[in-house]
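For reference, the chains in residue letters:
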Amino acid sequence: GENVEQHPSTLSVQEGDSAVIKCTYSDSASNYFPWYKQELGKRPQLIIDIRSNVGEKKDQRIAVTLNKTAKHFSLHITETQPEDSAVYFCAATLYNQGGKLIFGQGTELSVKP
Amino acid sequence: GAVVSQHPSRVICKSGTSVKIECRSLDFQATTMFWYRQFPKQSLMLMATSNEGSKATYEQGVEKDKFLINHASLTLSTLTVTSAHPEDSSFYICSAPRTGSEAFFGQGTRLTVV
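Description of the structure in this document. All values reported here derive from a predicted model rather than from experimental measurement.

## Re the overall build of chain A
Across its full length, chain A holds zero helices and eleven strands. Helices and strands appear in chain A in the N-to-C order β-β-β-β-β-β-β-β-β-β-β. Compactness check: chain A gives a C-alpha radius of gyration of 13 Å against a globular reference of 13 Å for 113 residues, within 12% of the reference. Principal-axis analysis of the C-alpha atoms gives chain A an extent of 40 × 30 × 20 Å. In chain A, which comprises 113 residues, the proportion classed as buried is 43%.

Structure below.
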């Protein structure tokens, strides 16, 4: 089955700096890669996703890149703000499996003012 | 976006009792729902796939007799933790896809077994 590895487990940046979180996956059949932000005690919130037919997707300060050959994908947050502080999870799945997500271990991002 | 509602949000129960958690899709029909468990400072681990009108599919290592799943309608799946013990204390969260793979999550249930 699918296995997703995520690094780093914790990340501390100064406000305004960029943050990068990386994930690798094992199942070459996976074709959908969402990223979630989770605040303590809350449900995960989808912040961006990418399908395997594209290599990069951007939404304002957030971007995701995908390298299918190497089976890794990354989240890039630019101009970080204190409100970006949260735990971020990557996930992988088959698009037609309807949301059966395998999550990475999570990255606790701390943005210091 | 689509709404998935989970109830209760918090529950405290005594060791040995059973607890039922409900997951409802409020504005769409979900033939499939997923149940995850999240221990403190850990990731979401897929427990099982809930299938409307048929048996749930459990992930390796998840005891199907302990975590009973029922998906009796197109908008409701329930997870019952039977004979709960303190080690079952966790954050349980359901999700339902509406189209494709985007998963809509319930609010989660914080279970504490004392």
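Next comes the rest of the write-up.
## So, the sheet that holds strand β8 (residues 76-81) of chain B
All names here are of chain B. On the basis of which strands lie adjacent, the open sheet formed by four strands has the order β1-β3-β8-β7 and antiparallel pairing. Each end of this open sheet is capped by a strand with a single partner; those strands are β1 (4-7) and β7 (67-73). Looking at each pair of strands side by side, their axes are set apart by 15° on average, direction ignored.

## Here's the deal with the packing of aromatic side chains
Per the counting criterion, the structure on display carries twelve aromatic pairs over all chains. Three or more aromatic residues joined by ring pairs make a cluster, and in this case those are A:Tyr36, A:Phe89, A:Phe103, B:Tyr36 and B:Phe105.

## Here's the deal with unusual backbone geometry
Omega for the peptide link from A:His7 to A:Pro8 comes to -5°, which places this bond in the cis form. Positionally, A:Pro8 belongs in the loop between β1 (4-7) and β2 (10-14). Between B:His7 and the following residue, B:Pro8, the backbone shows a cis peptide bond with an omega angle of 0°. Secondary-structure assignment places B:Pro8 in the loop between β1 and β2 (10-13). One non-glycine residue with positive phi stands out, namely A:Lys71, at about 55°. Along the chain, the position of A:Lys71 falls in the loop between β7 (62-67) and β8 (72-77). Positive phi outside glycine occurs at B:Lys41, with the angle close to 60°. Among the secondary structure elements, B:Lys41 is positioned in the loop between β4 (32-38) and β5 (45-51). Exposure remark for B:Lys41: the relative accessible area of 79% places this residue in the exposed category.

Rules of the game
- Residues numbered from 1 in each chain as written.
- Chains lettered and ligands numbered in written order.
- Predicted model: local features only at pLDDT ≥ 70, side-chain atom pairs only at ≥ 80, totals over all residues.
- Heavy atoms only, no water.
- Helix = DSSP H or I, 4+ residues; strand = E, 2+ residues; numbered from the N terminus.
- Rg over C-alpha atoms; globule rule 2.2 N^0.38 Å.
- Buried < 20%, exposed > 50% of the residue type's maximum accessible area, 1.4 Å probe, protein only.
- Pairing = 2+ DSSP bridges.
- Axes fitted to C-alpha atoms, helices over the stretch in contact; angles between N-to-C directions.
- Phe/Tyr/Trp six-rings, centres within 6.5 Å; stacked < 30°, edge-to-face > 60°.

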